[in-house]
4 protein chains.
Amino acid sequence: MPSQPEPFLLINFKTYLEATGKKAVELALKMEKVGNETGVTVGVAPQFCDIAQVAANVKIPVFAQHIDAITPGAFTGHVLAESVSAAGATGTLINHSERNLRLPEIERAVQRAREVGLTTVVCAGTARLGAAAALCEPDTVAIEPPDLIGTGRAVSKENPEILTDSVKRIRNVNSRVTILCGAGISTGEDVYAALKLGTNGILVASGVVKAPKPEAVLLDFCNAVRRLA
Amino acid sequence: MPSQPEPFLLINFKTYLEATGKKAVELALKMEKVGNETGVTVGVAPQFCDIAQVAANVKIPVFAQHIDAITPGAFTGHVLAESVSAAGATGTLINHSERNLRLPEIERAVQRAREVGLTTVVCAGTARLGAAAALCEPDTVAIEPPDLIGTGRAVSKENPEILTDSVKRIRNVNSRVTILCGAGISTGEDVYAALKLGTNGILVASGVVKAPKPEAVLLDFCNAVRRLA
Amino acid sequence: MPSQPEPFLLINFKTYLEATGKKAVELALKMEKVGNETGVTVGVAPQFCDIAQVAANVKIPVFAQHIDAITPGAFTGHVLAESVSAAGATGTLINHSERNLRLPEIERAVQRAREVGLTTVVCAGTARLGAAAALCEPDTVAIEPPDLIGTGRAVSKENPEILTDSVKRIRNVNSRVTILCGAGISTGEDVYAALKLGTNGILVASGVVKAPKPEAVLLDFCNAVRRLA
Amino acid sequence: MPSQPEPFLLINFKTYLEATGKKAVELALKMEKVGNETGVTVGVAPQFCDIAQVAANVKIPVFAQHIDAITPGAFTGHVLAESVSAAGATGTLINHSERNLRLPEIERAVQRAREVGLTTVVCAGTARLGAAAALCEPDTVAIEPPDLIGTGRAVSKENPEILTDSVKRIRNVNSRVTILCGAGISTGEDVYAALKLGTNGILVASGVVKAPKPEAVLLDFCNAVRRLA
């Protein structure tokens, strides 16, 4: 059995104004600080236009929110893996429920990311689709039931059996992939519950980004991670 | 009758490797130099991830290649007008033939761009659609017949009646909008012909970006503009 | 000035179960009966799979709800103009707000429909987009503000200035096109108001299809049309 | 181990003019005749508008080429499972490479088909995606490498290892699903090779539909099936 990957908390900045432009850099710095102080691995996923500035200012993992399944060429307005990497990102989300891809694009996007050295987090909304995503051999699968995204009702508490079932189905087809849990996570309790159910970390957006004190929420999350260690 | 806008040459970097990352900045600097030396207004449209670095290094107009018709919020992997603007872009392409939008998205994207102060260039492939685009009241309409894009066969020479017809139809519904011409432009002659047919400038990609010496091609274009002045 | 086209009431069956399969045929027969009794021109737009059966059973105009901008060939799962026509439809909706097309597809779909002799109704959600649609030279433009669709709050009463503005903008670019009004229409009063504002008829769905007695609602609509004649 | 399903040959009519309207019915009748004469199970997948007429004229399985992942409601221009079923189809293709779905739509479309009693054939272009499709628990997975579709170069001869690998990966996650093979199949030899490699049948389009004598090609296919029995 492979050794357990260390817990990972990934903060998705979405297109929130609270995390756009200078505020993206400021928020990333706050996230980095909490990660450093607690020893927990924290990453951020800012908007495309903010990747370069964020990556220039923090040493934590920086993810794109999406890449297109394209090679260099005539693809005006698309997102090229090489471009994301050149800007300083070390990974990318793929197939987030707000940016779902057609099935063959997922496989190609994972391959394109790998070719340029980007870590991949493929999102899926159900246990079955989590396993399907795992078959594309990304580094990580994130389980995010779309109905709970942005609700503050955590999947790990509202619907623990989705996570249990996801972990089982994913492990059945891919023993190495890392598993994140998302949707509705807003407290350390939610994080603790998710890790206890067999996931390796959290994908979170509004629960941190839209909080009055994002660094306080992240600290709560990180302390929950440490309780488990 | 409104005074003629000064000619504008906009270089679309697409997702060409020759114009990604550091090479985007280098190419933008070369374009700026030719523009400065000839006194012709030149703009560049790099990939999203390169906007910030390009805008930090040049004083010419920097355009995004696309924005989504969204307001700030939960739109992972999308392109927010505010984000593009914060990165230093002053304008954006909309509805490029490689990134066509659904009809209502065009109107909303133009409105979103205007709200944050971005100049808009809406692309269209036919005379009729050029007029439809002009009804959305962008700053500029770019006529680019998709069949000629990337061919080196210039619309202004291969198909001058498309441009004449486009100018007529566009002016019929919108007397103020600037009109660019694209697709297949690769020589100063092509540029000269396009301006003579009543357009106000050029949208070009491979003709410059993929040329062995992009600055030489742009110089040829700029000299053609000056011949007309 | 062209003579006023006679008023037209088009009933969109959407994918309502009340108008699927045998119920599509039954509903179309009821609609035909009311049209015949009142002398008002009534058309129906059933689902693709129901077109043949509906067209075989009624003599009123039968519309498809959408066609794809394709020519015959390898387009599995798409809707070919020739196929819709062969099944007995005489017209088609294009770009309904629930099936928006990319801008160049609208122009091509209108051309494809014309090539096979189908009457075209291009939908648009705003006055400006109504004019853009009219530039593609369909037979008819239908103005349907998406916010009001299915609400029972009629555009002709809630937002009469959208209709006035639409009629003005559309007529400015196309003097011949027929103009329908949709969204929220549920009473004869709504129909009367729409025609008084300069439109030539109505595109309606839930207001008729989901009514306890669709034929009674349509009769109310038709009587409103006759009041104006 | 489950008993081997009997071989199945499914003819996709795409949007070929040779298989539109009356010609769809005629072609389906020819296909039925060959199936009856040889005792091989043959199905046809006509366009949406032709399903009712085809199903009324043949007793063989009739498939839709696509359904949307929707429930009854306001989905103008979409394809409802109930509608396809009411027209007489007994199954449907899902996610054909010419009509790829976003990942969550595949799972939902399979569920919708099952709810109304339609047999499902989910298409995939690679071995890995074939397994991902199998996780959605359709009745059948069809492996069709997009590069070979319509070429007359059969996947079973050009690229047998894709089929071997697909069968292995699919069986690894789903022991019950039927496996079809498609792309480039045009002779009985191709069919024979495909079945020998462990698939349970064929999905074919141009190889039959565009042939001068479709019934002769299908007879060749059916004889190849019988050689194996």
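Structural notes, computed from the coordinates. (Residues numbered from 1 in each chain as written. Chains lettered and ligands numbered in written order. Predicted model: local features only at pLDDT ≥ 70, side-chain atom pairs only at ≥ 80, totals over all residues. Heavy atoms only, no water.)

### A few points about the relation of the copies chain C and chain D
Then step 1. In screw terms, the move from chain C to chain D is a rotation of 180 degrees and a rise of 0.0 Å along the axis, fitting with an RMSD of 0.0 Å. With respect to symmetry, the two chain copies, as superposed, fit the operation of a two-fold axis. Within chain C, the C-alpha atom positioned nearest to the axis of rotation is that of cysteine 49 of chain C, 2.4 Å from it.
Then step 2. In this assembly the copies share their binding face: 100% of the residues contributing to the interface of chain C also contribute to that of chain D. (Least-squares fit on C-alpha atoms with pLDDT ≥ 70 in both. Contact = heavy atoms within 4.5 Å.)

### Structural notes on the packing of helix 5 (residues 127–135) of chain A against helix 7 (residues 160–173) of chain A
Residue and element names in this part refer to chain A.
Then step 1. Remark: helix 5 packs on helix 7, axes separated minimally by 8 Å, with the N-to-C direction vectors making an angle of 30 degrees. With respect to each other, helix 5 and helix 7 are oriented roughly parallel. Helix-helix and strand crossings are classified by hand; for helix 5 and helix 7 the assignment is right-handed. Note on element contacts: helix 7 touches helix 5 through Ile162, Asp165, Ser166, Arg169, Ile170 and Val173, opposite Ala127, Arg128, Gly130, Ala131, Ala134 and Leu135.
Then step 2. Of the residues contributing to the contact of helix 5 with helix 7, the split by class is seven nonpolar, two polar and three charged. (Axes fitted to C-alpha atoms, helices over the stretch in contact; angles between N-to-C directions. Helix = DSSP H or I, 4+ residues; strand = E, 2+ residues; numbered from the N terminus. Parallel < 35°, antiparallel > 145°, perpendicular 65-115°, else oblique. Left-handed = near helix turned anticlockwise from the far one by under 90°. Nonpolar A, V, L, I, M, F, W, Y, C, P; charged D, E, K, R; others polar.)

### A word on the relation of the copies chain B and chain A
Then step 1. With an RMSD of 0.0 Å, the operation that places chain B on chain A is a rotation of 180 degrees combined with a shift of 0.0 Å along the axis.
Then step 2. Same-surface contact between copies: 100% of interface residues of chain B are shared with the interface of chain A.

### Description of the interface of chain B and chain A
Then step 1. Counting from both sides, the interface comprises 36 residues of chain B and, opposite them, 36 residues of chain A.
Then step 2. In total, chain B and chain A occlude about 2800 Å² of area from one another, counting both sides; carbon and sulfur atoms represent 60% of this.
Then step 3. Among the residues of chain B in contact with chain A, Thr15, Cys49 and Thr76 of chain B are the three that bury the most area, contributing 26% of the side total.
Then step 4. Counting the contacts that link chain B with chain A gives zero salt bridges.
Then step 5. The tally of links from chain B across to chain A stands at 13 residue pairs in polar contact (both at pLDDT 80 or more).
Then step 6. Looking at the side of chain B that touches chain A, the element that brings in the most residues is helix 3 (residues 81–86) of chain B, giving four residues.
Then step 7. Of the residues in the side of chain B that touches chain A, the class split is 16 nonpolar, 15 polar and five charged. (Buried area = accessible area lost by both parts, 1.4 Å probe. Salt bridge = Lys/Arg side-chain N within 4 Å of Asp/Glu carboxyl O. Polar contact = N/O pair within 3.5 Å; in protein donor to acceptor, adjacent residues only side chain to side chain.)

### Side note on the pairing of strand 4 (residues 91–94) of chain B
All names here are of chain B.
Then step 1. The side-chain alternation of strand 4 yields two buried faces, one formed by Gly91 and Leu93 and the other by Thr92 and Ile94.
Then step 2. The pairing of strand 3 (residues 63–64) with strand 4 spans two bridges and is parallel. From the neighbouring strand, phenylalanine 63 faces strand 4, where its bridge partner is glycine 91.
Then step 3. In this sheet, strand 5 (residues 119–124) lies alongside strand 4 in parallel orientation, the contact comprising four bridges. (Buried < 20%, exposed > 50% of the residue type's maximum accessible area, 1.4 Å probe, protein only. Pairing = 2+ DSSP bridges.)

### Topic: the nonpolar core
Then step 1. The biggest cluster of nonpolar side chains holds 301 residues, and the ones touching the most others in it are Ile11 of chain A, Ile11 of chain B, Leu9 and Ile11 of chain C together with Leu9 and Ile11 of chain D.
Then step 2. When neighbours within four sequence positions are excluded, isoleucine 11 of chain C is seen to be in contact with Met31, Val42, Gly43, Val44, Ala45, Val204, Val208, Val209 and Leu218 of chain C. (Core = buried A, V, L, I, M, F, W, Y, C linked by side-chain atoms within 4.5 Å.)

### Brief notes about the sheet that holds strand 4 (residues 91–94) of chain A
Residues and elements named next belong to chain A.
Then step 1. Sheet architecture is open: eight strands sit in the order 2-1-8-7-6-5-4-3, paired in parallel fashion. The open sheet has two free edges, formed respectively by strand 2 (41–45) and strand 3 (63–64), since each of these has just one partner strand.
Then step 2. On the sheet, helix 10 (residues 214–228) packs against strand 1 (8–12), strand 2 and strand 8 (201–204) and is oriented at approximately 160 degrees with respect to strand 1.

### Focus: the packing of helix 5 (residues 127–135) of chain B against helix 5 (residues 127–135) of chain C
Then step 1. Remark: helix 5 of chain B packs on helix 5 of chain C, axes separated minimally by 9 Å, with the N-to-C direction vectors making an angle of 170 degrees. One element, helix 5 of chain B, and the other, helix 5 of chain C, form an angle in the roughly antiparallel class. Listed contacts from helix 5 of chain C to Arg128, Ala131, Ala132 and Leu135 of chain B of helix 5 of chain B are Arg128, Ala131, Ala132 and Leu135 of chain C.
Then step 2. By residue class, the composition of the contact of helix 5 of chain B with helix 5 of chain C is six nonpolar, no polar and two charged.

### Some details on the sheet that holds strand 8 (residues 201–204) of chain C
All names here are of chain C.
Then step 1. One open sheet holds the eight strands; their spatial order is 2-1-8-7-6-5-4-3, and the pairing between them is parallel. Both outer strands of the open sheet, strand 2 (41–45) and strand 3 (63–64), are each paired with one neighbouring strand and no more.
Then step 2. Bridge analysis of strand 5 (residues 119–124) against strand 6 (residues 140–143) gives four bridges, and the strand direction is parallel. In the strand pairing of strand 6, cysteine 123 is matched with alanine 142.

### Some points on the pattern of salt bridges
Then step 1. Applying the stated rule across the entire model yields 44 salt bridges over all chains.
Then step 2. Of the charged contacts in the structure, one is a salt bridge between glutamate 18 of chain B and lysine 210 of chain B, with a shortest N-O distance of 3.4 Å. With a gap of 192 residues between them, glutamate 18 of chain B in the loop between strand 1 (8–12) and helix 1 (22–38) and lysine 210 of chain B in the loop between helix 9 (206–209) and helix 10 (214–228) connect regions that are remote in the sequence.
Then step 3. The class for lysine 210 of chain B is partly exposed, based on a relative accessible area of 45%.
Then step 4. Note that arginine 112 of chain D is salt-bridged to glutamate 115 of chain D, the shortest N-O span being 3.0 Å. Of this pair, arginine 112 of chain D and glutamate 115 of chain D both sit in helix 4 (residues 103–115), separated by three residues, roughly a single helical turn.
Then step 5. Residue classification places arginine 112 of chain D among the buried positions, given a relative accessible area of 6%.

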